[in-house]
Amino acid sequence: MTDHEYQDALHTLEPRLQRYAELLVLKGAAVQKGQELCITASPEIFEFVRMVVRTGYEAGAKHVTVIWQDAAVDAEAYKHVDATWFETYPAWKVKLLNDMAEEGAALLFLESDDPDGFKGLDTKKIAAFRKARNTQCTAWRRGMDFAYNTWCIGGVPTARWAQKVFPDDDAHGAIIKLWENILDVSRINDNPIKAWENHNKAFEAHKKKLDELHFDALHYQSKNGTDFTVGLADKHIWDGGAGKTQSGTWFFPNVPTEEVFTVPDRRRAEGRLVAALPLVHDGIVVRDFWFEFKDGKVVDYDAAEGKEVLTSIINTDENSCRLGEVALVSKKSPIRESGILFYSTLFDENASCHLALGKSFPDCYEGGFDLSPDELMENGVNISATHVDFMVGSDDLNITGITKTGEEIPVFRDGVWVL
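Presented here is a report on the structure given in the accompanying data block.

The rules behind each value
- Residues numbered from 1 in each chain as written.
- Predicted model: local features only at pLDDT ≥ 70, side-chain atom pairs only at ≥ 80, totals over all residues.
- Heavy atoms only, no water.
- Helix = DSSP H or I, 4+ residues; strand = E, 2+ residues; numbered from the N terminus.
- Rg over C-alpha atoms; globule rule 2.2 N^0.38 Å.
- Buried < 20%, exposed > 50% of the residue type's maximum accessible area, 1.4 Å probe, protein only.
- Contact = heavy atoms within 4.5 Å.
- Areas by Shrake-Rupley, 256 points an atom, 1.4 Å probe, with all protein chains shown as cover.
- Lys, Arg positive; Asp, Glu negative; His and termini not counted.
- Charge placed at Lys NZ, Arg CZ, Asp CG, Glu CD.
- Pairing = 2+ DSSP bridges.
- Salt bridge = Lys/Arg side-chain N within 4 Å of Asp/Glu carboxyl O.
- Expected span 1.5 Å × (residues − 1).
- Bend = angle between axes of the 7 residues up to and from the residue.
- Core = buried A, V, L, I, M, F, W, Y, C linked by side-chain atoms within 4.5 Å.
- Disulfide = S-S within 2.5 Å.

## What to know about the overall build of the protein
Moving on, step 1. Per the secondary structure count, the protein includes 13 helices and 21 strands.
Moving on, step 2. Expected size for 419 residues packed as a compact globule is a radius of gyration near 22 Å; at 21 Å, the protein falls within 12% of this value.
Moving on, step 3. Its C-alpha atoms give the protein principal-axis dimensions of roughly 65 × 50 × 45 Å.
Moving on, step 4. Expressed as a percentage of its 419 residues, the buried residues of the protein come to 57%.
Moving on, step 5. Long-range pairs, those at least 24 residues apart, make up 75% of the contacts in the protein between residues at least 6 apart in sequence.
Moving on, step 6. Put simply, the protein shows about 17,800 Å² of open surface, and 49% of that area lies on carbon and sulfur atoms.
Moving on, step 7. The protein carries 45 positive and 67 negative side-chain charges, and their two centres are separated by 3 Å.

## A closer look at the environment of K79
Moving on, step 1. Relative to the helices and strands, K79 resides in helix α3 (residues 71-80).
Moving on, step 2. With relative accessibility at 49%, the residue K79 sits in the partly exposed group.
Moving on, step 3. Separated by 260 residues in sequence, K79 and G339 place their C-alpha atoms 35 Å apart.
Moving on, step 4. Not counting the four nearest positions on each side in its chain, K79 is found in contact with L121 and K125.

## Describing the sheet that holds strand β10 (residues 254-255)
Adjacent strands of a sheet form backbone hydrogen bonds with each other and so pair up, either parallel or antiparallel.
Moving on, step 1. The 5 strands are arranged β2-β1-β3-β4-β10 in an open sheet whose pairing can be described as parallel. Both outer strands of the open sheet, β2 (63-68) and β10, are each paired with one neighbouring strand and no more.
Moving on, step 2. Direction of pairing for strand β1 (residues 36-41) relative to strand β3 (residues 106-111): parallel, over a ladder of 4 bridges. Pairing of L37 across the sheet is with A106, part of β3.

## Observations regarding the pattern of salt bridges
Moving on, step 1. The tally for this structure, following the rule as stated, stands at 21 salt bridges.
Moving on, step 2. D116 is the salt-bridge partner of K164, the closest N and O atoms lying 2.8 Å from each other. Of the two residues, K164 is situated in helix α7 (residues 159-165) and D116 in the loop between β3 and α5 (123-136); the sequence distance between them amounts to 48 residues.
Moving on, step 3. Assessed through its relative accessible area of 24%, D116 is described here as partly exposed.
Moving on, step 4. Between R267 and D265 there is a salt bridge, and its shortest N-O distance comes to 2.9 Å.
Moving on, step 5. Salt bridges linked by common partners bring D216, D265, R267, R268 and K404 together as one network.

## A word on α5
Think of an α-helix as 3.6 residues a turn; residues three or four steps apart then line up on the same face.
Moving on, step 1. When the terminal C-alpha atoms of α5 are compared, their 20 Å separation across 14 residues agrees well with the 20 Å that a helix rising 1.5 Å per residue should span.
Moving on, step 2. Residues T123, K125, I126, A127, F129, A132, R133 and N134 constitute the buried set of α5.
Moving on, step 3. Residues of α5 that are buried in the fold lie against α3, α4 (91-103), α6 (138-145), β14 (284-294) and α10 (307-314).

## A few points about the sheet that holds strand β18 (residues 387-391)
Moving on, step 1. Read across the sheet, 5 strands follow the order β7-β11-β16-β17-β18 without closing on themselves; strand pairing throughout is antiparallel. Whereas interior strands pair on both sides, the edge strands pair on one side only; in this sheet they are β7 (239-240) and β18.
Moving on, step 2. Bridge count for β7 against strand β11 (residues 260-262) is 2 bridges, and the pairing is antiparallel. Bridging from a neighbouring strand, G240 pairs with V260 of β11.

## Things to note about helix α1 (residues 3-28)
Moving on, step 1. The end-to-end C-alpha distance of α1 is 32 Å, clearly below the 38 Å that 26 residues give at a rise of 1.5 Å each.
Moving on, step 2. Of all the bends in α1, the largest measures some 50 degrees and sits at E14, one to four residues before the proline P15.
Moving on, step 3. Within α1, burial applies to Y6, A9, L10, L13, L17, Q18, Y20, A21, L23, L24, V25 and G28.
Moving on, step 4. Where α1 ends, the next residue or the one after it, A30, has phi of about 55 degrees, a positive value.

## Topic: the pairing of β1
Moving on, step 1. Counting buried residues in β1 gives 6 out of 6 residues, a clear majority hidden from the surface.
Moving on, step 2. The alternating pattern of β1 places E36, C38 and T40 and L37, I39 and A41 on opposite faces, both of which are buried.
Moving on, step 3. Both β1 and β2 contribute to a ladder of 6 bridges, which runs parallel. From the neighbouring strand, E36 faces β2, where its bridge partner is H63.

## A look at the nonpolar core
Moving on, step 1. In this structure, F48, L110, W179, Y220, F291 and L328 are the most contacted members of the largest nonpolar core, which totals 123 residues.
Moving on, step 2. The greatest single-element share of this core, amounting to 10 residues, is contributed by α1.
Moving on, step 3. Those residues in contact with F291 that lie beyond four places of it in its chain are G271, R272, L273, V298, D300, Y301, L310, I314, L357 and F390.
Moving on, step 4. Listed in part, the 10 residues of the second largest apolar core include F146, F261, A327 and C364.

## Description of the state of the cysteines
By definition, a disulfide links two cysteine residues through a covalent bond between their sulfur atoms.
Moving on, step 1. Enumeration according to the criterion identifies 0 disulfides in this entry.
Moving on, step 2. The thiol of C364 is not disulfide-bonded; the next cysteine sulfur, from C353, is found 16 Å away.

Okay, structure coming up:
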């Protein structure tokens, strides 16, 4: 695709890009009049960032702050800086993130990283820096985990990411294709705000039914080797679609989203889980991997590629080897039906049932916002400095709900809802 053709294609997409920006600002991060908006983004997507900034001000934002985060610059640091440096998050960054959270800012994260951007680098450095941020930026982390701040993650193409997804296209052509698919699966039609309001209603039936049944455990089976049972926390609540802050503001944490999810009992997980899709974590791709659980803990694991990434995740802290999320997604989701592997957890997790190692969501436990970390742990709700989703939703996945009386009720058969 020539430069001229590329600019023409972007011009054609511009109305949909503007509607996407409006969705991210108005429904995703749910910016209110007089509120600070904080955007985290790569400098490679500066043109779209400018559109989002303008949209934020038009929505009434008091001020918009952009935090530029360049993965290529970070990669140079991981290559050359001593490992001990990454154990402490820079004080000025801690202050910036905590101040934004305490100010009540809406937080918008525009993801566009190269899936292979950190390939071959020291995974211990990467994991240490992530842990330092999540444990030292306490107000920022708590603002999202305990629903004090609205927040949203959305995807924006860059050349390296786009060509990973569409390797047979040149950079311009791949970017346009990825944009078109992101806009499609994000429901960017003539009225995406209305589309997302309707989409949110679709989550309610599944959540209501699951809450009424209040399963004690879920049993997963697939011909790929998955045979796994996970207990659910005794006072678990199913969530999905829009979230709500403690002050009552509705927002969408992920654009797109197709999942309903809840909190497992960190002490009860048994058997083998085999991944159905690759995992992209911290700029490294992990393929063909599995976990073995006993008494809620990962006791064995392997991968055809990227095992060191799994090691870094599991060893983040004493609880990162336990589960923090159970999420259900039909294989009939728009993302799965697109047939595209996005090499981005934001998208791929919404194509597949998944689980997550690490921290749980307190809002998925009745009264969770009022409990201390120790009290949450006592009730089976996991506390960790990390949260990493991995996809297990194979085409033939069967999930059976087990009640407290031992009754077995089909939930998924061959990857789709039957409940």
